[in-house]
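Chain and residue survey
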Amino acid sequence: MDIVIIGLLLGGTYALMAIGLQLQYGVARIMNLANGEFLIAGAFSTFWFYAATQASPLFALFLVAPVAFVLNWAIYRVLLQPLVRRAKSQGKLEVDSILATFGISFISVGILLAIFGGQYLDYAYLAQPIFIFGERYGLNRVVAFLASAALCTALYLWLHKTRAGLALRAVSVNPSASGLVAINVARTSALAFALGGAVTAVGGGLLSMFLTFDVSLGVVFTLKALVIVILGGVGDIRGTIVAAFILGFAETAVATLIDPGLTLAAAYVLFMIVLLARPEGLFGRRTA
Amino acid sequence: MSNFVFSAAEWRNLLICAGLFVLAAIVPLVADGYVLQITISIVMYTALATSWLLFSGPTNYIALSTAAFFGIGMYVTAGGIDLVPYPLLILASGIAGAVMAAIVGLATLRVAGVYFVIFSLGLAELVRQFMTWGQHVLGTMSGLYVTIDRTEPMYYWQLLLLTAAVFLVGWWIGRSRLGFALRIIGNDELVAVHCGINTARAKVVLFVISSAFASVAGAVVAPRWGYVEPGVAFNPFVSFQVVIMALLGGTHRLWGPLVGVIPFVLLWELISIAFPSQTTLLLGICFLLIVYVIPNGITGLIEDAWKRRGKAGGTAAGPVQSPVQQSPVRQKSQNA
C-alpha cells in the first residue's frame, strides 16, 4: 500500500516534467538533452526563493515559469532554429539537436555550479505527516502531487480545447502539412519549446519540495523524462501521464524492495521492455 | 579475396602509416615526465575516439557510452588482477565489453537511432549504479587497488599498439562489405533495407567492435590509475570528451579523430589549469562551437580548402559533393 501511494504521488510529479519534454520533442521535434538542467534550475530557484522569503515554494513557481519560458524561447530562436533550417532531414536534425542541446546542458551545469555551488540542496517545507488509510506520508509530497495534477489538467484542457492547443497538436502530427493550413510552424514550435521548458522547470520546483538535488542530477532527470515520453508514446499526453505513474511505481517498488540506489536501473528496465515489445510506446502511433 | 589486393595508393598509405607508427613509438625515448603524460593521454584518446568513430562515423548514431565500456574494462582488470595474468585480463575486458555491447545493441539498434542515443547516454550511470549496489551487497569496499609493475613508456606503447589495432581494423572494415553496408545505412537506412542489407546486424556488429576497443583501453589504463572506484571508472566526462574530439576532427575520415584529439587534449590541458572550476561550462561552449561553426570538423575544412584549390587550378571536373550530404530520400523515412 505504501508503495502504491508513494508511487502515485511521485508519478504525478514526474508527469509534469515529462509533459515538458513531450512538448519539446513531440511538437518542436527537438530531442532536448538539456531538459534535466532546466528542471534543476527550477528546483534551485525554488530553494533560493524559499530560503530568501520563507513564503510557500508554490509562489516561487509563478516566478520560475515565466523566466524559464523566456529563456527557452530565446534558446529555441537563437540556437535551435538555425539547426531546424539547416537540417536536410529529420535524422540530421536529431543528430544536430542532440549535440547542440548536449552543449547547452553543459553550459547550464557550468552556470548553475557557478551560482549555487556543487553541494546538495534541500529545505524543509510542510515536512509534517499526513495520514492516508492510516499510513503516514509527507504533506509536501501530497501538495506537490496536487499542484502537478492541477497543472497537468490545465495543460491537457488547453491542448484539447483551444485553438492554440489545436495548432500545437497539428504541428506534432505533421509540421509540413500544418504549414499548408496556415499554421505558423516556426512560431508554434518555439511556443511549444518554451512552454515545455517552463513546465519542466515548474516540475523541478515541485520535486524540490520533497527531493534533494545537486547539479549533477540533471542528466538523470533528463533520462527519466525521456523514458516516460517514449514509454507513453511520442506525441500523446495521455500516454505520458500513464507512463509517469508506471515509472513512479517502478521506482518506488525498486527503492523500497531492493535498494534506493537502483532507481535509474528501474527506469532502464522499463525502457528495455518498451523497446523490445512496443517501440512506439503505449499510446504511440505505429509508424509505417 | 579482393580484400587483400592493394592498389599502389593503398601501399603508399600503408607505408606512410607504418612510418608514423614508428615515429610515434620512439617518443618515450626522447620525452619524459609531463610531455610523456600528455602524449599518453593523446594516444589514449586517439584510441577511444577512433574506436568511437568506427561505429558512429558511418552510421551517424551518436554513441555516448564510451565511459561505460571504458569503466567495465577497468573493473574487469581491477577485479581479476590477483587471480589471472594481466594479458588474459585485457582479452577478458574486451570480451566483457563486447558482450554488454551486444546486449545493448540488440535491444536498441533495431529501432530509431534516437533511442539508441538516449540509452547510451545513461549507460555509464546505470552500470555505475549496479557496481555500487553490487559492492554494497557483497560488502566489499567501494574501491579496488590495481598494482602491477609497469613504467610510463610501457603504458604508452601498449596504448599505441591498441591505437594501431583500431586503425587497422577500421581500415579493414572500410574495405569490407560490412563497411560498405554501413555507409549505405548512414546515407539512407531505408535504401539499405531495400538493398537487402541486414541493417540491425551490421550495426550491432560494429557497435560490438567499437565498444570492445573502449573496454580494452580501460583495461590498459587501469593499472596506471592504480585505484578503481565507480565514480572514477564510469565518469561520463570521458564519453563526452571522446565525442567532442571526434567531432572536432571530423567523422568522415578514419584519421579525423587524430586531427581532433591532438589540439583538444592540449587545449584542455591549458583550460583545466587556467580555469579548473569552469571546465563544464567551457566543454559546453566547445560543443556548441563545433556544432555551429565547423559541423564537418577539421578534416571537413581541409577537404573544402583542397577542393577550392583544385577548382582554382582548373582541374576539378564538375561539382563535387561530400558523401554525407546526399540523402534526399531520407526525409520520408522518419517523418511518416
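The residue numbering used here restarts from 1 in each chain and proceeds along that chain's sequence as written. Note on labels: chains are lettered from A, ligands numbered from 1, in written order. Note on the predicted model: pLDDT of at least 70 is required for a residue's local features to be given, and 80 or more for side-chain atom pairs to be given and counted; whole-chain, interface and lining totals, by contrast, use all residues.

1. Notes on the overall build of chain A
- Under the DSSP-based scheme used, a helix requires at least four consecutive residues in state H or I and a strand at least two consecutive residues in state E, with every element numbered from the N terminus. What chain A contains, in helices and strands, is 11 helices and two strands.
- Each helix (α) and strand (β) of chain A, taken in turn from the N terminus, gives the series α-α-α-α-β-β-α-α-α-α-α-α-α.
- Relative to the compact-globule value of 19 Å for 288 residues, chain A shows a C-alpha radius of gyration of 18 Å, a close match.
- Dimensions along the principal axes, computed over C-alpha positions, put chain A at roughly 55 × 45 × 35 Å.
- Comment: burial labels come from other C-beta atoms within 10 Å of the residue's own C-beta, placed from the backbone, where a count of 20 or more is buried, 12 or fewer is exposed, and between is partly exposed. Taken over 288 residues, chain A has a buried fraction of 56%.
- Note on contacts: residues are paired as contacts if their backbone-placed C-beta atoms lie within 7 Å. Taking the contacts inside chain A whose residues are at least 6 apart along the sequence as the reference set, 76% of them involve residues at least 24 apart. What the globule rule says is 2.2 Å times the number of residues to the power 0.38, and the radius of gyration is computed from C-alpha atoms.

2. Here we look at the confidence of the model for chain B
Residue and element names in this part refer to chain B.
- Counting all residues, the mean pLDDT for chain B is 80, and 90% of those residues have values of 70 or more.
- Here helix 16 (residues 330-335) stands out as the least confident element of chain B, with mean pLDDT 39; helix 5 (residues 86-108) is the most confident, with 88.
- As a per-residue quantity, pLDDT reports the predictor's confidence and falls between 0 and 100. Scored below 50 in pLDDT, residues 314-336 makes 30 contacts in the model with residues more than four places away or belonging to other chains.

3. So, the packing of helix 10 (residues 237-257) of chain A against helix 11 (residues 263-277) of chain A
All names here are of chain A.
- In this analysis an axis means a line fitted to C-alpha atoms, helices contributing only their contacting stretch, and an angle means the value between N-to-C directions, from 0 to 180 degrees. The interhelical angle for the contact between helix 10 and helix 11, taken along N-to-C directions, is 135°, at an axis separation of 8 Å. Regarding the angle of helix 10 to helix 11, the classification is oblique. When the axes of helix 10 and helix 11 are compared, the crossing they make is right-handed. Packed against helix 10, whose contacting residues are I246, L247, A250, E251, V254 and A255, the element helix 11 presents T263, A266, A267 and L270 at the interface. Angles are sorted into four bins: roughly parallel if under 35 degrees, roughly antiparallel if over 145, roughly perpendicular if 65 to 115, and oblique for all others. In a left-handed crossing the near helix is turned counterclockwise from the far helix by less than a right angle, and in a right-handed crossing that turn is clockwise.

4. What to know about the environment of B:G174
- Turning to its location among the elements, B:G174 is positioned in helix 7 (residues 152-175).
- Beyond its immediate sequence surroundings of up to four residues, B:G174 is in contact with B:G179 and B:L254.

5. Here we look at the interface of chain A and chain B
- Contact with chain A, which involves 38 residues of that partner, is made by 34 residues of chain B.
- In this count, Pro and Cys sit with the nonpolar residues alongside Ala, Val, Leu, Ile, Met, Phe, Trp and Tyr, while Asp, Glu, Lys and Arg are called charged and the others, Gly among them, polar. Taken together, the residues of the side of chain A that touches chain B sort by class into 27 nonpolar, seven polar and four charged.

6. Some remarks on unusual backbone geometry
- One non-glycine residue, A:A182, lies in positive phi territory at about 65°.
- Among the residues examined, A:A182 registers 7 C-beta atoms within 10 Å and is labelled exposed.
- Residue B:N60 is not a glycine yet carries a positive backbone phi of 65°.
- Here B:N60 shows up in the loop between helix 3 (33-59) and helix 4 (66-80).

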